Amino acid sequence: MIKTRFTALALAAATALTPLAAQAAEIEWLQWFAAENTDGFYDELVADFEAKHPDITVKLVTQPFGKVRESIVTDNAIGVGSDVLGLNMPWTKEFLDIGILEPLDEYLARDDNSFATSDLVEAPLGKIDGHTWMVPLNAFPFVMHVNMGLVRQAGFDAPPATWEELAEQAGAISALEDGISGIGMPFSSQPPSNGPILTFLPLLYAHGGRIMADTTPNFDNPEVVATLQFLKDMNDAGAIAPGAASRTGGVDLEEFIAGRTGFMISPGVHSSSITSRNPELEYTLVRVPTNGETAYRVHGWEIGIAADSPNKDAAWTFVNYLLSPEVNARAAKAANALPGNLAALDAVREGADETLLKQMEILSGDSPVEEMRQSPKAAASWSVMTEEIQAMLRGDQSPEEAAAAVQARWLDLAG
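Rules and cut-offs
Position labels on residues start from 1 in each chain and follow its written sequence. Thresholds applied to this predicted model are a pLDDT of at least 70 for local features of residues and 80 or more for the giving and counting of side-chain atom pairs; totals over whole chains, interfaces and linings are not thresholded and use all residues. Note: side-chain values were computed over all heavy atoms of the structure, leaving out hydrogens and water. Secondary structure elements follow DSSP: runs of H or I no shorter than four residues count as helices, runs of E no shorter than two count as strands, and numbering proceeds from the N terminus. Put simply, the radius of gyration uses C-alpha atoms, and a globule should come to 2.2 Å times the residue count raised to 0.38. Think of it in three bands: residues with accessible area under 20% of the maximum for their type are buried, residues over 50% are exposed, and the middle band is partly exposed, with areas taken using a 1.4 Å probe on protein chains only. Accessible surface is estimated by sampling points in the Shrake-Rupley manner with a 1.4 Å probe; for residues, cover comes only from the protein chains shown. Only four residue types enter the charge count: Lys and Arg as positive, Asp and Glu as negative, with His and the chain ends excluded. A charge is said to be at NZ when it belongs to Lys, at CZ for Arg, at CG for Asp and at CD for Glu. To obtain each axis, a line is fitted to C-alpha atoms, and for helices this fit is confined to the stretch in contact; angles are then taken between N-to-C directions over 0 to 180 degrees. These descriptions rest on fixed angle ranges, namely under 35 degrees for roughly parallel, over 145 for roughly antiparallel, 65 to 115 for roughly perpendicular, and the rest for oblique. In this scheme the crossing of two helices becomes right-handed for a clockwise turn of the near helix relative to the far one and left-handed for an anticlockwise turn of less than a right angle. Note on contacts: a residue pair qualifies if any of its non-hydrogen atoms lie within 4.5 Å across the two residues. For this classification, Asp, Glu, Lys and Arg are treated as charged, while Ala, Val, Leu, Ile, Met, Phe, Trp, Tyr, Cys and Pro are nonpolar and the rest, including Gly, are polar. In this analysis, strands are considered paired if DSSP registers two or more bridges between them. Any carboxyl oxygen of Asp or Glu that lies within 4 Å of a side-chain nitrogen of Lys or Arg is treated as forming a salt bridge with it. Among buried residues, the Ala, Val, Leu, Ile, Met, Phe, Trp, Tyr and Cys ones that are joined through side-chain atoms within 4.5 Å form a nonpolar core. Pairing of aromatic side chains requires ring centres within 6.5 Å, counting the rings of Phe and Tyr and the six-membered ring of Trp. Pairs whose planes differ by under 30 degrees are stacked, by over 60 edge-to-face, and all others tilted.

> Describe the overall build of the protein chain, listing the residues and the values that go with them.
Counting its regular elements, the protein chain contains 18 helices and 14 strands. Scaling as 2.2 N^0.38, a compact globule of 415 residues should have a C-alpha radius of gyration of about 22 Å, and the protein chain matches this with 24 Å. Based on the C-alpha atoms only, the size of the protein chain along its principal axes is roughly 90 × 50 × 35 Å. The buried share of the protein chain, reckoned over its 415 residues, is 53%. If you sum the accessible surface of the protein chain, you get close to 17400 Å²; carbon and sulfur atoms cover 51% of it. Here the protein chain contributes 26 positively and 57 negatively charged side chains, and the mean placements of these two sets differ by 5 Å.

> Describe the packing of helix H10 (residues 222-236) against helix H17 (residues 378-394), with residues and values.
Each packed pair of helices is defined by two parameters, the angle between the axes and the distance between the axes. One way to put it is that H10 packs onto H17 with a least axis distance of 9 Å and a crossing angle of 45 degrees. The angle between the axes of H10 and H17 places the two elements in the oblique class. When the axes of H10 and H17 are compared, the crossing they make is right-handed. Across from Leu 228, Leu 231, Lys 232 and Asn 235 in H10, the residues of H17 making contact are Ile 389, Met 392 and Leu 393. The residue inventory of the contact of H10 with H17, partitioned by class, reads five nonpolar, one polar and one charged.

> Could you give an account of the sheet that holds strand E3 (residues 84-87), naming the residues involved and the relevant values?
Spatial strand order, E2-E1-E3-E12-E4: five strands in an open sheet with mixed pairing. Looking at the sheet topology across the chains shown, the edges are occupied by strand E2 (56-62) and strand E4 (135-136). The sheet contact formed by E3 and strand E12 (residues 302-305) spans four bridges and is antiparallel. For Leu 87, the partnering residue across the bridge sits in E12 and is Glu 302. Those strands touched by helix H3 (residues 41-52) are strand E1 (25-31) and E2, and its axis lies near 165 degrees from that of E2.

> Tell me about the side chain of Glu 302, and name the residues and values.
Structurally, Glu 302 is set in strand E12. Of the side chains with opposite charge, Arg 373 lies nearest to the buried Glu 302, which makes no salt bridge, at 8.6 Å. Apart from the residues lying within four places of it in its own chain, the contact partners of Glu 302 are Phe 33, Leu 85, Gly 86, Leu 87, Met 89, Pro 124, Met 134, Val 135, Pro 136, Leu 137 and Asn 138.

> I'd love a proper account of the nonpolar core, names of residues and values included.
Core analysis: the largest hydrophobic core is formed by 80 residues, its most contacted members being Tyr 42, Ile 72, Leu 101, Val 135, Phe 318 and Leu 322. Tallying contributions element by element places helix H13 (residues 312-323) first for this core, with eight residues.

> Can you break down unusual backbone geometry residue by residue, with the values?
Positive phi is not limited to glycine here, since Asp 129 has a value of about 55 degrees. You can call Asp 129 exposed: its relative accessible area is 54%. Here Asn 336, not a glycine, exhibits a phi torsion of approximately 50 degrees, which is positive. Relative to the elements of secondary structure, Asn 336 occurs in the loop between helix H14 (325-334) and strand E13 (338-339).

> Can you tell me about the packing of aromatic side chains, naming the residues and giving the values?
By the definition in use, this model includes 22 aromatic pairs. Centre to centre, the rings of Phe 41 and Tyr 42 are 5.0 Å apart; their planes meet at 85 degrees, and the pair counts as edge-to-face. Pair check on accessibility: Phe 41 and Tyr 42 agree, each one buried.

> Can you explain the pairing of E3? Please cite residues and give values.
Across the two faces of E3 the burial is the same, with Val 84 and Gly 86 and Leu 85 and Leu 87 all buried. Judged from the two bridges that link them, E1 and E3 form a sheet pairing that is parallel. Along E3, the bridge assignment pairs Trp 29 with Val 84.

Next comes the structure, spelled out in structure tokens:
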């Protein structure tokens, strides 16, 4: 007993002599961002943070994107999760149901933050269950990539700005010669079965439609049906590349880079691959053609804090650092993306190429939308949309029947 008490007193005295050690916190940051940046940028970022905050150590845990969601869920189940989490917005509802995420409202309201909440890209901040759960590190607005060579060859002087013009130009480009298609529509069932979120949702938002009513599925509505009808009409007219049911987003990108597709709807970040791999392509990008609205689907790299983190204040200190305008601009440039903090736009604009400037124009002038974060079991929801749109394009069901089928299956997923 005496020995134990003496040891405890000695430890207490040693701790008192080293207050920095007593206050030190180690946080773990699980993400895929560094896997997509091979020049050591994120290691340098962590080193810079630690130099500015010597009482906090950051352990950078990098995995491929396809592994991160599974790791977050598994780690949470066994109680060994990371403190700061790299997030994809469509995971939100699933993670809330499991209790993985910490609400960020109180942190965002702090007076000493390095950023203004009003400057952050809006879509990830939207409240679910009355709270904000994540903040944006960067943003990738969905745009339409355009092969101007094929547009001019088909007899047009400018890219399409409306649905009507898109259908006309895509049909004319498909009629040019064998092997040339107006627009690619990737509706493969191959995981992650994300064709609808690449193409259907951006067109729906440009029509003013939505698929969710808060966190309740709302797929069988007139705007959804009209957008499905538009896809069916273009497919029936031969304007969509053949084999949509087996076409993935990767194939879509490769075909566009090769100059065999007139239009491709995808995140603007793909512009760097297009221009670097085929500099001879007469290329530009524009907002997704509208049918009444200038709204765009947006996704990006989001950040959250784990509800079970024992070091939430330290975790927020790191998140706060990442969102400061100077650091956020550096992170955006490293990813060839737009910043999550719009106060960093001017810094990113310096030296930006034409395609990035056009993304900035879309980001600043149009309304951002991201609904998949509200959907039940997002990955399964993508697959359901894919399967029912495939059946519609095959002629097995009408747009109305496809919408009703997705709605019924989503309600089943929601339980």
